[in-house]
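What follows is the residue order along each chain.
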Amino acid sequence: MLEREKVRTMAIPYSAKEAQDKLQVDRNKFYRLVKSNAIISIAQPGGHQRKYDRASVDALAAEMARFRESLNDVEEGEDRKQLTFRQATPDDMPGVYEVAHELFGHTTPVEQRRPMVAACPQGNYIVLRGNEVVAYIHILPLYPEILEAFMKGKIRGWDIVASNLDCFAPGKTVECLVRSIGATRRYGDDEQHRFALRLLSGTVREMISMGKVGVTISKLYATSSRGQGQQLCYSADMEFYSKPLGDRLTFVVDVLTSDNPSFTRYREYLTQYKKAHA
């Protein structure tokens, strides 16, 4: 009986108020998420107020909770002992490739990743479990014409090479592509969540460190064809950039105006730097 009741409850859609409470967002952001198709809306008989698919709301709420959690310091206790977050090196690329290949299949080869990381180490981060790469992220500062070509589908990620990078530097303004992010599933869902959390929290701190030395990241771009990746983009307050590229959605966020807490903290330090060097 209890299991049957649980299944029945899971099928009942949320009202707008219930969905907003579940997501912990205000009315304006909620309807932006609906408009972007992050949440499935359901028309009701007789033209009554729409309801919202429980599964899509619950999945997005879980990803948003993970993103909020990543803003906290998770370097305490066992996580600090067992997991190491650090900037990636060219020698880490075989491990990064293994995770990427496990998750996505066809992906940028090791030989192409190495020179890009060597040319612009900042923006490339990994999480290690012992000596094993279990999560990674590539944030690439790109020249405008390369970034535009990628976002319009004229080139793919494996077409980007080291000479396309407009590397980070103090006092410099760049726009970046979140080229790829992933955490291995080899150890189960709970561990994948822990690896991703460690990666996100470390990346937020690295971004704040860049703000302290005057690196201006004006916008972040991303594409994703997968539900979890898209939910992560929504959690970071990204909005649609343009029409989908096949099954890939395109996203952008203005880092200098977004009210996302991680970007707010970054801007605080960036503003301090600019005042000190005015």
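Residues numbered from 1 in each chain as written. Predicted model: local features only at pLDDT ≥ 70, side-chain atom pairs only at ≥ 80, totals over all residues. Heavy atoms only, no water.

(A) Structural view of empty space enclosed by the protein. The final tally for this structure, using the stated rule, is one cavity of 30 Å³ or more. Its volume calculated, the largest cavity comes out at about 120 Å³. Lining of the largest cavity is provided by Thr 107, Thr 108, Arg 113, Met 116, Val 117, Asn 124, His 138, Leu 140, Gly 157, Ile 160, Arg 179 and Ser 180. Elements represented by at least two residues in the lining of the largest cavity include exactly α7 (110-119), β5 (132-141) and β6 (173-183). Among the elements that take part in the lining of the largest cavity, α7 stands out by supplying three residues, more than any other. Residue composition of the lining of the largest cavity, grouped by class: four nonpolar, six polar and two charged. (1 Å grid on protein atoms, 1.4 Å probe; cavity = no way out; pocket = protein on both sides within 12 Å on 5 of 7 lines; lining within 4 Å. Points joined across faces, edges and corners; volume = space filled by probe spheres on them. Helix = DSSP H or I, 4+ residues; strand = E, 2+ residues; numbered from the N terminus. Nonpolar A, V, L, I, M, F, W, Y, C, P; charged D, E, K, R; others polar.)

(B) Structural detail: the pattern of salt bridges. Overall, the coordinates contain nine salt bridges when judged by the stated rule. Linking Arg 186 and Glu 98 is a salt bridge whose minimum nitrogen-to-oxygen distance equals 4.0 Å. Taken together, the positions of Arg 186 in the loop between β6 and α9 (189-212) and Glu 98 in helix α6 (residues 93-104) put the pair 88 residues apart, joining distant regions of the chain. For Arg 186, a relative accessible area of 38% puts it in the partly exposed group. Here Glu 191 ties to Arg 194 by a salt bridge, and the two come within 2.9 Å at their closest N and O atoms. Pair noted here: Glu 191 and Arg 194 are both in helix α9, with a separation of three residues, about one helical turn. The class for Arg 194 is buried, based on a relative accessible area of 15%. (Salt bridge = Lys/Arg side-chain N within 4 Å of Asp/Glu carboxyl O. Buried < 20%, exposed > 50% of the residue type's maximum accessible area, 1.4 Å probe, protein only.)

(C) Examining the environment of Ala 19 more closely. Considering the arrangement of structural elements, one finds Ala 19 in helix α2 (residues 16-23). The exposure class assigned to Ala 19 is buried, which follows from its relative accessible area of 0%. On a C-alpha basis, the gap between Ala 19 and Asp 58 in space is 8.6 Å, while along the polypeptide they are 39 residues apart. Excluding anything up to four places from it in sequence, Ala 19 contacts Tyr 14, Phe 30, Tyr 52 and Val 57. (Contact = heavy atoms within 4.5 Å.)

(D) Inspection of the layout of surface pockets at higher detail. If you add up the space inside the largest pocket, you get close to 1300 Å³. Lining the largest pocket are 49 residues, with Phe 104, Ser 180, Ile 181, Gly 229 and Leu 232 positioned closest to its centre. Elements that contribute at least two residues to the lining of the largest pocket include exactly α4 (54-70), α6, β5, β6, α9, β7 (216-224), α10 (227-235) and α11 (261-276). The biggest single contributor to the lining of the largest pocket is α9, with eleven residues. Broken down by class, the residue content of the lining of the largest pocket amounts to 25 nonpolar, 15 polar and nine charged. Space inside the second largest pocket adds up to approximately 310 Å³. Lining the second largest pocket are 16 residues, and of these Arg 32, Asp 237, Met 238, Glu 239 and Phe 240 sit closest to its centre.

(E) Broad picture of the side chain of Gln 112. Mapping Gln 112 onto the fold places it in helix α7. Taking the relative accessible area as the measure of exposure, Gln 112 reaches 17% and is therefore buried. Apart from residues no more than four positions distant in its own chain, Gln 112 is found in contact with Gly 157, Trp 158, Asp 159, Ile 160 and Val 161.

(F) Representation of the sheet that holds strand β8 (residues 239-240). Spatial ordering of the open sheet is given by β3-β4-β5-β6-β7-β9-β8, a layout of seven strands whose pairing is mixed. One side of each edge strand has no neighbouring strand; the edge strands of this open sheet are β3 (83-87) and β8. In the packing of α10 onto the sheet, contacts are made with β6, β7, β8 and β9 (249-254), and the angle to β9 comes to roughly 20 degrees. Packing of α11 onto the sheet brings it into contact with β7 and β9, and relative to β7 it is tilted by some 155 degrees. (Pairing = 2+ DSSP bridges. Axes fitted to C-alpha atoms, helices over the stretch in contact; angles between N-to-C directions.)

(G) Fine view of the packing of aromatic side chains. The tally for this structure, following the rule as stated, stands at seven aromatic pairs. Through a chain of ring-to-ring contacts, three or more aromatic side chains come together here, namely Tyr 234, Phe 240 and Phe 251. Here the basic side chain of Lys 212 rests over the ring of Tyr 269, its NZ or CZ set 4.7 Å away from the ring centre. For the cation-ring pair, Arg 248 lies above Phe 150, with the distance from its terminal atom to the ring centre recorded as 5.8 Å. (Phe/Tyr/Trp six-rings, centres within 6.5 Å; stacked < 30°, edge-to-face > 60°. Lys NZ or Arg CZ within 6 Å of the ring centre and 35° of its normal.)

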